[in-house]
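Reading the structure
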Amino acid sequence: MAAQISPMRARLASPVGVTTVTGLGVVLLLAVFGPILWGTQAEATSVADRLLGASWQHPFGTDELGRDVLARVLAGTRTSVLLALGATGIAVALGIVLGLLPTVLPRVLRRMLTGLIDILLAFPWLLLALFFSAIWGASATGAMLAVGFAGIPAFARLNYTLASSIMGRDYVRAARIVGVGPLGVLVRHVLPNAAGPLLVNAAVHASGALLSFAGLSFLGLGVQSPEYDWGRLLREGIARIYVNPMAAIGPGIAIVVTGLLLTLVSDVFATTPRRGALIRNGLRGLRPARRAGSMRAASASPLELADEAAVVSSARELRIAFPGADGGAVERVHGVDLEIAPGEVVGIVGESGSGKSITAMALAGLIEQPGAVTADELRFRGVDLLAPSSPVSKRQLGLELAMVFQDPLTSLNPALTIGRQLTEAVEVHEGVSRAEARERARQALASVGIPDPERRLGQYPHEFSGGMRQRAMIAMGLMGSPRLIVADEPTTALDVTVQRQVLQNLRRAQALTRTAVLFISHDIALVAGFCDRVLVMKDGVVVEQLAADRLLVDAQHPYTKALIACVPDMTSDRTRPLPVIGETGAVRRAS
Amino acid sequence: MAVSLGIVVVATFAIIHLVPGDPVRAVLGPSAPAELVARTRSELGLDQPLLVQFWNYVVALVQGDLGTSLQTHRPVADTLAQRAPATLVLAGVSFVIAAVGALPIGLATAISVRSGRRRWLDLAASALVGLLIVVPNFLLAVGLVWLFAVQWHVLPVAGWGDPAQLVLPVLALAIGPMAYLARIVHVELLAVLDATYMTTARSKRLPSRLIYLRHALPNMLTSALTIGGLMLTGMVAGTVLIETIFAIPGLGTTIVSSITAKDYPMIQGVVLVYAAMVLALNLIVDLVLMSIDPRSSLAEG
Amino acid sequence: MTDFQIENLQVRYGSGSHAHLAVDDVSLRVPEGRTLGLVGESGSGKSSIAAAAVGLVRPSSGAIRLDGVDVSGRGSAARAMRRRIQLVFQDPFSALDPRMPIGASIAEATRATGRRWSRAEKADRVSELLQRVHIDPSRAGELPGAFSGGQRQRITIARALAGEPEVLIADEITSALDVSVQGVILNLLRELQGDLGLTVLFISHNLAVVRYVSHELCVMRHGRVVETGETEAVLASPADPYTAELLRAVPVLGERLDLGATA
């Protein structure tokens, strides 16, 4: 519990949180005490004071019966708030019922109900409200029912979406397996998990109800004279806007401020912090550190170096930091040194959080703000990755550096054809004609074993299987003149037999172009089997570097030994428990 | 679509039958002579069995006959044909302006604040949008009238027919949705920029123009268009208030006056036309979405 | 004799032209107290078998028998018998209700026993089970958010045990975990099986992991069983070419990956 309360407290204590809570408190107090304090004044007519403009005595002026408009706005709070709450109550109550009902109904009825809700959702709230107020007539209750009923579809839909996402969770399945019935699942699991978002949405909904209500009253379809709410006062005020603008602006302010406060509730109470806030918090303290090493490294001309570069990629004292949850910068990679020789296949192995992926991204020059990269040296074939990029360096990186990511579903752009994605880099950087680029792309696809490449070029990624997409990514890297392919868990999302094909293609591409490969994986056997040299990373530090074929013999660091020992392979002794990695990272033989 | 249309027809037909109490009494008042009540009832066809009434309603509908107004005693269809153009022009022009304005604004703000740059601009933009969403269009309209017509005398207060009279209503209707759509474009673009395929695009060191326009834009169009569609139907509804404020002879003023006067045939007619407009707009949005999404079969064929 | 048997099982999703046969005429048998490893790639139908066994999907034909009773039916006898089969899920983050203290989640699962438990009995049982999976019982009141992935997986195992199952189905229970945690879970599973005499159906795509925990092995592909037998025997001389292909694809530490002629 503690973990969830404290960020909530922090949000309540933020300026927005304080404003929202106190503001809503004031509105609530006005709704309770407004009519008692200003009720008499609001209804006291005075012929002498008719239609006065704004003054100290009457800040919003008076109406045609000489009543003080400010007093009417204050006293009208109760009616406005009550009607909005009533309408919200109707929408929320029936919306919850209609939203949860489909989850326990048989399939046919469920489809019909959700279909109906979807159709109703196509109609704007105000039109539905007009439809209902045509039925119930122009009166306060009629309008409340109208606004309430008009809000049902939206709330029902929200509820249904929320409930079905919760119903799809494994913990609900687990409850069903142990024999908790549909109703029990709703009460024990769905409602507690849906309550937070529902409350927040109810507040946003109340804001909408308030505005719609004001709209209906404004049209003369809501509260009728002599009763008054903010919408009614606005309607009366607008008739005299030339004489006394404050009579219209006053109730307008009341409506907008209350509406705004209710909307802010979602900002304060929503359980998922917005990503904007996370990023913002993290930025403090990061800027000074950025690119500290760039001054030292930008001396030699990049092109000169590139031709005779003995290393493809080099990093010295590489440090990478990201914004943390508490606002400060958290360093995730602590001074990594790494060199990759031309044509070398280097592997980095580590568990989640070891920093292996962001190290690879930094070597490719792809860490963006808010991440901060510092190093004594960070180069790709002579190009200083810490210095601002030039057209020349962009061209070189674009043609010589290739990436293969873990998830083949997201690493290709779903809106562009495979052909376009393959050809664009050489079209841009080499000025190759469209036809020639396409011919190269055809050959690249063929070289990674994709059959019928001509037709495949015109297809979109979703028409490719996972393994084929990874091969297309490799083909993309072969379009230019690759010197380094960074492959970050390229086969983790794939089946083992497909993994084998993809690795075959990667190795063939490597043999063909003599490119270097940086291969990242959590699987030490895979890394050792595929690479020439292996780096073992743990908690942002390279703990050991070894030749792949000496891994079993030369491993010194306890963590490396533990990684080797704790993973079952095809020769593990099945009669004994597996060794486990202890707190210190050392192997602990279970007795 | 056919189902929706069916539901709409049933719903409009049902309006008069759902009125609590006797609708005819409600129209004519409690003191009306019994003879008049009976005559009106048979004029409205309310003395026939429900199914027969519905059949007659549907048959008349197919022939374009929406009944006769209780107020003006003119055919409802004629009045609607006369009033609809103003509403369509108002909503259409507002939508075009909102859409054309929102896209560049949303793209520009998203690109300039991406990954936490220029925090103040992000905050200011989201605060402004939050405010514009909460300020209902009728309040905005009032403010605009006060400023441009009352204070500065540069634009007419109300009326219809002169292009100058279109400016304030369109502004009032378009500003809120434009801010909202710009925000959606902004948020969606930021989400797209986080996707792995954008890292792939960046790894090719393409010029920013290509990164944003070729790689990012198509991927956020779907959601922007979906929201745009909702916004457009919302604007159709918004015209009701705007027409009332600017005294525009459209469907909005018609439905408000007929609800007040309990002119049920007219109410049914206006509701039907509104619903048809909403359904047509949804259909158009769906077709556009299908034609731009490579995953739909339409794009392949 | 609590044999767990699946006979000619078919699981079909969708209907008409969109129908997809996920499990196609599968029969297998897990003898009492033994572990059967079910191995196959994505889409092979192995998880559908698990879902059918615990009643999350209804098989279109075939039987799932425990002590000779078909548990796939609708009747109350079938339902009661079905609760003797419990499932541990792949993703420990989705498998625990984030708003429910872990003790309450485990206590809820005692329903599967079909007996009435008093509050005190439940509390005793929860702390006993937590000890069994090496979690400090005094943390029973904490929410899942306070635990690591490996700890959560141990809690879900405790929950499955709360139903006093005779058959435990483990569906990819280590594939969402880091390699260092995987060993802990596998050891726990072996330990529990030894202590409680559980019959285990262990589902995984990882051949090495399946080999380590299973007495017998069953290889699936495209909804069908391609090979089954004693683990060592199957792996030593695979009869089916697909099994051989799977074996070849497993990287072996200390050996260069066999990628055919390309290298």
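These numbers were taken from a predicted model, which means no experiment stands behind them.

Residues and elements named next belong to chain C. For chain C, the assigned domains are domain 1 (1-84 + 165-182 + 196-257) and domain 2 (98-164). A C-alpha centroid distance of 26 Å is found between domain 1 and domain 2. Each side of the interface is counted separately: domain 1 has ten residues, and domain 2 has ten residues. Among the residues domain 1 hides against domain 2, the three largest losses belong to R83, P165 and L196. Together they make up 46% of the total. If you look at where domain 1 meets domain 2, you find two residue pairs in polar contact (both at pLDDT 80 or more). Tallied by class, residues from the side of domain 1 that touches domain 2 come to seven nonpolar, no polar and three charged.

On the chain A side, the residues contacting the 61 residues of chain C number 59 residues. Between chain C and chain A, a total of about 5,500 Å² is buried, with carbon and sulfur atoms accounting for 58% of that surface. The tally of links between chain C and chain A comes to three salt bridges. Linking chain C with chain A are 25 residue pairs in polar contact (both at pLDDT 80 or more). Here the side of chain C that touches chain A takes eight residues from helix 6 (residues 179-196) of chain C, the largest share from any one element. For the side of chain C that touches chain A, the per-class residue count stands at 31 nonpolar, 13 polar and 17 charged.

Glancing now at the packing of aromatic side chains. Residue and element names in this part refer to chain A. Tallying each qualifying case throughout the model produces nine aromatic pairs over all chains. Centre to centre, the rings of W136 and F149 are 5.3 Å apart; their planes meet at 50 degrees, and the pair counts as tilted. Within this pair, whereas W136 is found in helix 6 (residues 125-136), its partner F149 is found in helix 7 (residues 140-167), the two being separated by 13 residues in sequence. Exposure remark for F149: the relative accessible area of 27% places this residue in the partly exposed category.

This paragraph deals with the interface of chain A and chain B. In this assembly, 65 residues from chain A lie in contact with 67 residues from chain B. A buried area of about 6,000 Å², summed over both sides, lies between chain A and chain B, and 71% of it is on carbon and sulfur atoms. For K204 of chain B, the salt bridge is made with E424 of chain A, and the minimal N-O distance between the two is 2.8 Å. Along the contact surface separating chain A from chain B lie twelve residue pairs in polar contact (both at pLDDT 80 or more). Considering every element that reaches the side of chain A that touches chain B, the biggest residue donor is helix 6 of chain A, with eight residues. In terms of residue class, the side of chain A that touches chain B is built from 43 nonpolar, 14 polar and eight charged.

This part covers the confidence of the model for chain B. Per-residue confidence for chain B averages 84 on the pLDDT scale, and 97% of its residues sit at or above 70. The element-level mean pLDDT for chain B is lowest in helix 13 (residues 297-300) of chain B, coming to 43, with helix 9 (residues 196-203) of chain B highest at 92.

Here the focus is empty space enclosed by the protein. Within the structure shown, the criterion is met by seven cavities of 30 Å³ or more. Lining the largest cavity are 16 residues; nearest its centre among them are G398, L401, M476 and G477 of chain A together with K204 of chain B. Together, S80, L210, F213, A214, D229, W230, G231 and I255 of chain A line the second largest cavity. Elements supplying a minimum of two residues to the lining of the second largest cavity: helix 9 (182-218) and helix 10 (230-239) of chain A. The element best represented in the lining of the second largest cavity is helix 9 of chain A, accounting for three residues. Residue composition of the lining of the second largest cavity, by class: five nonpolar, two polar and one charged.

Next up on the list: the sheet that holds strand 10 (residues 224-230) of chain C. Residue and element names in this part refer to chain C. In spatial order, the strands read 6-7-8-3-9-10; together these six strands make up an open sheet with mixed pairing. Each end of this open sheet is capped by a strand with a single partner; those strands are strand 6 (85-88) and strand 10. Taken pair by pair, the neighbouring strands of this sheet meet at an average axis angle of 15 degrees, ignoring direction. One ladder, built from four bridges, connects strand 3 (residues 35-39) with strand 9 (residues 216-221); its direction is parallel. Within strand 9, the residue paired with G37 across the bridge is L217. Along the sheet face, helix 5 (residues 149-162) touches strand 6 and strand 7 (167-171) and points at about 170 degrees away from the line of strand 6.

To continue, consider the sheet that holds strand 2 (residues 20-30) of chain C. Residues and elements named next belong to chain C. If you trace the four strands from one edge of the open sheet to the other, you get 2-1-4-5, paired in antiparallel fashion. Whereas interior strands pair on both sides, the edge strands pair on one side only; in this sheet they are strand 2 and strand 5 (69-70). Across seven bridges, strand 1 (residues 4-13) lies against strand 2 in antiparallel orientation. Paired with L9 across the strands is V26, a residue of strand 2.

Turning to the pairing of strand 10 (residues 533-538) of chain A, a few remarks are in order. Residue and element names in this part refer to chain A. Burial within strand 10 is extensive, with five of its six residues counted as buried. Across four bridges, the pairing between strand 3 (residues 345-349) and strand 10 is parallel. Looking at strand 10, one finds that I348 is bridged to L535. If you look at the hairpin formed by strand 10 and strand 11 (residues 541-547), you'll find two residues sitting between the two strands, and D539 has a positive phi there, around 50 degrees.

Definitions and limits used
- Residues numbered from 1 in each chain as written.
- Chains lettered and ligands numbered in written order.
- Predicted model: local features only at pLDDT ≥ 70, side-chain atom pairs only at ≥ 80, totals over all residues.
- Heavy atoms only, no water.
- Domains from an automatic or database assignment.
- Contact = heavy atoms within 4.5 Å.
- Buried area = accessible area lost by both parts, 1.4 Å probe.
- Polar contact = N/O pair within 3.5 Å; in protein donor to acceptor, adjacent residues only side chain to side chain.
- Nonpolar A, V, L, I, M, F, W, Y, C, P; charged D, E, K, R; others polar.
- Salt bridge = Lys/Arg side-chain N within 4 Å of Asp/Glu carboxyl O.
- Helix = DSSP H or I, 4+ residues; strand = E, 2+ residues; numbered from the N terminus.
- Phe/Tyr/Trp six-rings, centres within 6.5 Å; stacked < 30°, edge-to-face > 60°.
- Buried < 20%, exposed > 50% of the residue type's maximum accessible area, 1.4 Å probe, protein only.
- pLDDT = per-residue confidence, 0-100.
- 1 Å grid on protein atoms, 1.4 Å probe; cavity = no way out; pocket = protein on both sides within 12 Å on 5 of 7 lines; lining within 4 Å.
- Points joined across faces, edges and corners; volume = space filled by probe spheres on them.
- Pairing = 2+ DSSP bridges.
- Axes fitted to C-alpha atoms, helices over the stretch in contact; angles between N-to-C directions.

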